[in-house]
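Chain and residue survey
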Amino acid sequence: MNHLWKLGIGGSLLVILTLPALASAQLKTVRVASAHKLTTATLPLFVGMHMKFFEEVGLKIEPSYFLGGGDTIRAVTSRSADITHNAAPGATLIAISKGEPLKIVAGNTGPAGTLWVVPTDSPIKSIKDLKGKKVGFSTPGSVTHVAIQQILKKEGLDKDVQLVRAGGPGDNWAAIKNKVIDAGWNVGPGVYNLIVKNEARVLIYTAHYVKEYQETVIIATEEMINKDPEMIRNYLKARAKAINFLWENQEKAIAIWTEEVKLPPDVLRLALKDTPRNYWDTGAPKPENLRAAIQEVLDIGAIKEPLDPAKVQDLRFVPK
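Every chain's residues receive numbers from 1 upward, in the order its sequence appears when written. Two thresholds apply to this predicted model, a pLDDT of at least 70 for residue-level local features and 80 or more for giving and counting side-chain atom pairs, whereas whole-chain, interface and lining totals are computed over all residues. Neither water nor hydrogens contribute to the side-chain values; these are computed over all heavy atoms in the structure.

Quick look at the packing of helix α2 (residues 43-50) against helix α12 (residues 250-261)
As a reminder of what qualifies: Between N-to-C directions, angles span 0 to 180 degrees; the directions come from axes that are lines fitted to C-alpha atoms, helices contributing only their stretch in contact. Counting from the N terminus, the helices are DSSP H or I runs at least four residues long and the strands are E runs at least two residues long. Roughly parallel means an angle under 35 degrees; roughly antiparallel, over 145; roughly perpendicular, 65 to 115; everything else is oblique. Two residues form a contact once any of their heavy atoms are found within 4.5 Å. Only Asp, Glu, Lys and Arg are considered charged in this grouping, and only Ala, Val, Leu, Ile, Met, Phe, Trp, Tyr, Cys and Pro are considered nonpolar; every other residue, Gly among them, is considered polar.
The interhelical angle for the contact between α2 and α12, taken along N-to-C directions, is 100°, at an axis separation of 10 Å. Here α2 is positioned roughly perpendicular relative to α12, judged by the angle of their axes. The segment α2 lies against α12, with L43, F46, V47 and H50 engaging A253, I256, W257, E259, E260 and V261. In the contact of α2 with α12, the residues fall into 7 nonpolar, 1 polar and 2 charged.

Next comes the structure, spelled out in structure tokens:
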């Protein structure tokens, strides 16, 4: 009897010890393409992973980070990623117009904090002073590329400013410091670190020029949508839970953010404080924002004909 009892205990322990491994084995790995880590847009992804919201719906997130929102689209179209976290709507629309089988499955971020900075002691005091200067953006077709073209065109400077592909916010700042460019794009939270240290000054706020604006979207290929619609549904559900959580538990979100991007909590606290409550979409892109994104790529000549918003989206998976 004693021997049987020991066998029972041993068997129970074996089951208990193997449960985590079995649970892990049952999670579906999802390769997520995200633009660079050092943007406010990426925070829900961090929160969802740290708080295990993705695991709750059976997903194991395998993130890859890129220099811009245009690169995330190429990751999806090349099948090296299953879904994007933050893709540039301009690049998405251009790709769709060229026949890429992509769909916007949800919004990600609306009008917010993409901006251009100069050193605090720069003689460039206004956007007009950029005439004859070099201005950085991330990658072709990205949010920053489309936005800066639109802004310069509105100011009549589109033929007088040289645009330079310069990578992410940190790369742009390094290019400014090395005098490769005169102004470079940046975004929260990293820009707050430069402002707090009195190293940078904001020259251009995108939000001052573009009121209706879809900053980033979540996309997948039609092949992935047909192959695994439940994955997309669960991914969006967990992401929405992360967004609600971070607003209700801001100090916990800041602690997670600090761990991921290695910036001081005070800087990240300021970045979150300045983030509009409606910055992150939990459902579909707002119609006016998507229409504005379509108009943007039309205005810069990247597409020749307007796209039908209904045909570039598949919104069956957004949380209700």
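Notes on unusual backbone geometry
Here is the rule: Accessible area is worked out with a 1.4 Å probe on protein chains only. A residue is then buried under 20% of its type maximum, exposed over 50%, and partly exposed in between.
The amide bond that connects G188 to the next residue, P189, takes the cis arrangement and shows omega of 5°. Along the chain, P189 turns up in the loop between β8 (184-186) and α8 (190-196). Look at K52: it is not a glycine, yet its phi comes out positive at around 65°. Along the chain, the position of K52 falls in the loop between α2 and α3 (53-56). Here the phi dihedral of N198 falls at roughly 60°; this positive angle occurs in a residue that is not glycine. On the basis of relative accessibility, which here comes to 54%, the residue N198 falls in the exposed class.

Some remarks on the sheet that holds strand β2 (residues 59-66)
Under the convention used in this document: When DSSP finds two or more bridges between two strands, those strands count as paired.
Across the sheet, which stays open at both edges, the 3 strands sit in the order β2-β1-β3 with parallel pairing between neighbours. With one partner strand each, in any of the chains shown, β2 and β3 (83-84) form the two edges of the open sheet. When strand β1 (residues 28-35) meets β2, the two strands line up parallel, connected through 8 bridges. Looking at β2, one finds that A35 is bridged to F66.

Considering the pattern of salt bridges
Definition in use: The rule for a salt bridge is simple: a side-chain nitrogen of Lys or Arg has to be within 4 Å of a carboxyl oxygen of Asp or Glu.
What the rule picks out here adds up to 17 salt bridges. One salt bridge connects R79 with E223, and the closest N-O pair in it is separated by 2.8 Å. Placement of the pair is R79 in the loop between α4 (69-77) and β3 and E223 in helix α10 (residues 222-227), with a sequence separation of 144 residues. Assessed through its relative accessible area of 39%, R79 is described here as partly exposed. Across the pair K159 and D158 runs a salt bridge whose closest N-O atoms are separated by 3.7 Å. Look at D158 and you get partly exposed, because its relative accessible area is 37%.

Things to note about the packing of α12 against helix α13 (residues 265-273)
How we decide: Crossing handedness: left-handed means the near helix sits turned counterclockwise from the far one by under a right angle, and right-handed means the same turn made clockwise.
As a packed pair, α12 and α13 sit with axes 9 Å apart at the nearest point and diverge in direction by 120°. In terms of orientation, α12 lies oblique with respect to α13. Helix-helix and strand crossings are classified by hand; for α12 and α13 the assignment is right-handed. Across the interface between the two elements, Q250, E251, I254, W257, T258 and V261 of α12 pack against P265, L268, R269, A271 and L272 of α13. Of the residues contributing to the contact of α12 with α13, the split by class is 7 nonpolar, 2 polar and 2 charged.

By themselves, these figures tell us nothing about what the structure is for.
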